[in-house]
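# Structural characterization, general
Each chain is listed here by its residues.
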Amino acid sequence: MAFLQGLDSHIVIVGCGISGIGAAQKLLNQGFHNVRILEATGRCGGRIRTGRIGSKTVEIGANWIHGPCQDNPVFRLACRYDLLDAASTSEENQAVDVGGHPPYVSNWFSSSGRRLDPELTEPAAALFQSLLLECQDFHASGGEPAPSVGAYVKARAPGLAAAEWRDDGGAARDLGLATMSALLKLECSISGTPSMDDVGLGAFGAYKTLPGLDCTFPAGYEGLIGCMMKELPEGIVSYNVPVKCVHWNGSVQRPGPCGRAFPVWVECENGDAVPADHVILTVPLGYLKKHQKTLLSPPLPLKKMHCIERMGFGTNNKIFLEFEQPFWDPDCEAIHFVWEDESALVDVVPDVERFWMKKLACFTVLKPAERYGHLLCGWISGHESEHMESLSEAEVEKSVTQVIRRFTGNPTISPKRIMRSQWYHDPYTCGSYSYLATGCSGFDIDTLAEPLPLKGSRTKPLQVLFAGEATHDSFFSTVHGALLSGWREGDRIISHYSPSSFSVSVSSKL
Ligand SMILES: Cc1cc2nc3c(=O)[nH]c(=O)nc-3n(C[C@H](O)[C@H](O)[C@H](O)COP(=O)(O)OP(=O)(O)OC[C@H]3O[C@@H](n4cnc5c(N)ncnc54)[C@H](O)[C@@H]3O)c2cc1C
Ligand SMILES: *[C@@H]1O[C@H](CO)[C@@H](O)[C@H](O)[C@H]1NC(C)=O
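Below or above, wherever it landed, is the structure these notes cover. These numbers were taken from a predicted model, which means no experiment stands behind them.

Structurally, glutamate 309 can be placed in helix α11 (residues 302-310). Of the residues examined, glutamate 309 reaches a relative accessible area of 45% and is grouped as partly exposed. Spatially, the C-alpha atom of glutamate 309 lies 6.3 Å from that of lysine 289, the residues being 20 residues apart in sequence. Once you skip the residues sitting within four places of it in the chain, glutamate 309 turns out to touch Lys289 and Gln292.

Structure below.
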């Protein structure tokens with residue numbers, strides 16, 4: 001009986017990214033029929049966004065399924081919808097367990113316009129990798145010899161480099177360290193942080209990888225969203241409806257449908273007010289950081305506010321460059337730019353306006369060439385990336401072309417097309433994805449995910465629930481983390497109303 005009434009409850013999901021879609025999927029499958037999604041923009045998918053450069057399909061947001069194996073729900077869905085190629089779904093591919101991908105086949109260029117010798121760059125890359133592995137171990141062992149990943153790497157690297165290149169003199173050592181600077185910048189993009197000095201050392205290992213060699217969607221990641229949306233009832237999403245304020249805790253007293261009182265009213269920018277028993281908020285952490293003081297009324301409890309402030313959310317952008325002819329080797333998967341003046345291990349550019357392009361240290365080569373031609377994806381994070389967004393595409397093209405000419409020593413190279421993402425200035429994302437900043441731990445993620453009202457309140461339970469990438473304690477910053485978080489909050493509502501949930505959880509302990 002209680003369950004039947006539960007199915008009538010009004011549920012509003014804020015945000016139509018994969019976490020919001022996942023929550024809706026769960027609830028509808030269980031028979032909840034008053035489910036609505038309010039989406040600020042005119043499209044679904046959020047940070048899953050496929051675009052085009054010329055005639056080629058590229059990912060402006062998420063690119064890979066990280067860890068495509070049976071434990072990854074995004075992989076399972078992609079298989080069910082038949083969206084992957086045979087190589088990605090093979091047993092062999094699922095079994096490779098190397099934390100994503102084996103080291104890229106790389107071409108290294110330096111600021112003095114020469115190719116760097118693999119005899120130098122390979123040991124530097126290996127040293128850097130071993131330092132990152134050391135960083136991951138502090139999560140399990142406890143204790144932090146340094147506050148951040150950056151501080152730890154910067155403290156350890158010079159000694160290791162001196163030992164590695166002790167017979168080759170200072171020049172090789174300095175170049176080895178400059179090589180590690182390029183890798184540190186790439187790591188900033190991967191972590192979505194302005195500097196590795198901002199990433200907590202003890203928390204670094206909280207992020208978990210799944211087995212499986214990272215794979216992509218040949219026809220675009222948005223195909224996954226399209227397939228998921230087809231399974232939802234038509235009209236469930238209201239587009240171009242930004243939510244302005246979630247009035248919870250019975251703070252708006254007004255009769256809703258059938259004259260009933262609702263604990264929550266969702267106020268939209270367009271003036272609409274939508275009544276709800278439960279609201280699942282899936283807005284990005286970057287949006288929460290910017291709007292947390294006004295997005296809820298009454299405001300968020302202090303402990304949630306503080307953890308939203310503490311947690312990290314940075315910018316990682318892509319700059320796509322298309323060329324007539326490659327300036328890299330046929331087998332090359334990644335191109336790295338080493339600034340020879342950076343042997344002091346730097347991952348932040350001092351004069352952002354003049355030198356933002358120094359942060360752009362790595363380009364991945366889109367493969368296969370038959371599909372993409374000669375297309376590179378450059379990665380740039382941090383304040384340098386945010387500044388890049390504010391420039392015109394022509395200005396970006398000019399600066400990047402200058403850098404490529406300098407590093408390749410070829411004064412005539414020009415990209416024939418360029419396109420970049422602008423995630424920081426996207427008003428409903430405000431950056432790219434979350435990371436555990438210094439001073440943070442998994443507890444902050446759990447606090448962020450805690451529904452309102454907090455435990456112990458005698459008002460109606462589960463009024464506001466929190467999903468989205470940043471609320472998953474081991475897969476934050478990923479698509480599968482986002483999807484799992486949406487399912488989790490859907491399930492939280494389902495089990496709240498399910499008459500069997502209590503007896504099931506009790507009996508399973510017996
Ligand atoms: C450049 C980039 C590369 C990435 N690469 C990868 C990758 O290779 N692999 C991977 O697994 N992950 C990757 N990610 C991360 C991945 O895209 C995200 O973790 C995931 O898509 C987040 O889903 P979500 O539902 O939590 O949030 P979102 O997709 O951001 O959805 C939130 C939705 O809420 C809406 N919204 C915001 N404010 C309001 C409001 N006030 N009212 C109504 N609606 C609102 C937004 O418009 C948006 O549609 C990448 C992200 C970026 C930016
Ligand atoms: C919610 O409402 C109750 C009772 O009306 C009140 O005691 C409580 O302080 C309110 N909580 C918040 C966070 O405003």
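Each aromatic ring pair is described using two quantities: the centre-to-centre distance and the angle formed by the ring planes. On inspection of all chains with the given rule, the structure shows 15 aromatic pairs. Taking 5.7 Å as the distance between ring centres and 65 degrees as the angle between the ring planes, the aromatic pair formed by tyrosine 207 and phenylalanine 476 counts as edge-to-face. Taken together, the residues tyrosine 207 in the loop between α8 (169-191) and α9 (222-230) and phenylalanine 476 in the loop between β19 (464-466) and α17 (479-497) connect sequence positions 269 residues apart. Among the residues examined, tyrosine 207 registers a relative accessible area of 26% and is labelled partly exposed. Accessibility expressed as a relative area gives 6% for phenylalanine 476, which makes it buried. An angle of 85 degrees between the planes, with centres 5.4 Å apart, marks the rings of phenylalanine 323 and phenylalanine 327 as edge-to-face. Since its relative accessible area comes to 14%, phenylalanine 327 is described here as buried. Pairwise contacts between aromatic rings join Phe109, Phe323, Phe327, Trp328, Phe337, Trp339, Phe363 and Phe407 into one cluster. For the cation-ring pair, lysine 26 lies above tryptophan 487, with the distance from its terminal atom to the ring centre recorded as 5.3 Å. Over the face of the ring belonging to tryptophan 265 we find arginine 254, whose NZ or CZ atom lies 4.6 Å from the ring centre.

Residue serine 297 is joined to proline 298 through a cis peptide bond whose omega torsion reads -5 degrees. Of note, the amide linkage connecting lysine 367 to proline 368 takes the cis form, showing an omega dihedral of 0 degrees. Note on placement: proline 368 falls in the loop between β15 (362-365) and α13 (369-372). Positive phi, normally seen in glycine, also occurs at asparagine 240, with a value near 55 degrees. Note on placement: asparagine 240 falls in the loop between β6 (237-238) and β7 (243-247). Of note, cysteine 258 is a non-glycine position whose phi angle comes to about 60 degrees, a positive value. One can find cysteine 258 in the loop between β7 and β8 (264-268). Taking the relative accessible area as the measure of exposure, cysteine 258 reaches 86% and is therefore exposed.

Right, let's get into the pattern of salt bridges. Summed over all chains, the structure comprises 25 salt bridges. Between glutamate 134 and arginine 156 there is a salt bridge; the shortest N-O distance is 2.8 Å. Residue glutamate 134 is found in helix α6 (residues 118-141), and its partner arginine 156 is found in helix α7 (residues 149-164); the two are separated by 22 residues along the sequence. A relative accessible area of 31% places arginine 156 in the partly exposed class.

The rules behind the values
- Residues numbered from 1 in each chain as written.
- Chains lettered and ligands numbered in written order.
- Predicted model: local features only at pLDDT ≥ 70, side-chain atom pairs only at ≥ 80, totals over all residues.
- Heavy atoms only, no water.
- Helix = DSSP H or I, 4+ residues; strand = E, 2+ residues; numbered from the N terminus.
- Buried < 20%, exposed > 50% of the residue type's maximum accessible area, 1.4 Å probe, protein only.
- Contact = heavy atoms within 4.5 Å.
- Phe/Tyr/Trp six-rings, centres within 6.5 Å; stacked < 30°, edge-to-face > 60°.
- Lys NZ or Arg CZ within 6 Å of the ring centre and 35° of its normal.
- Salt bridge = Lys/Arg side-chain N within 4 Å of Asp/Glu carboxyl O.

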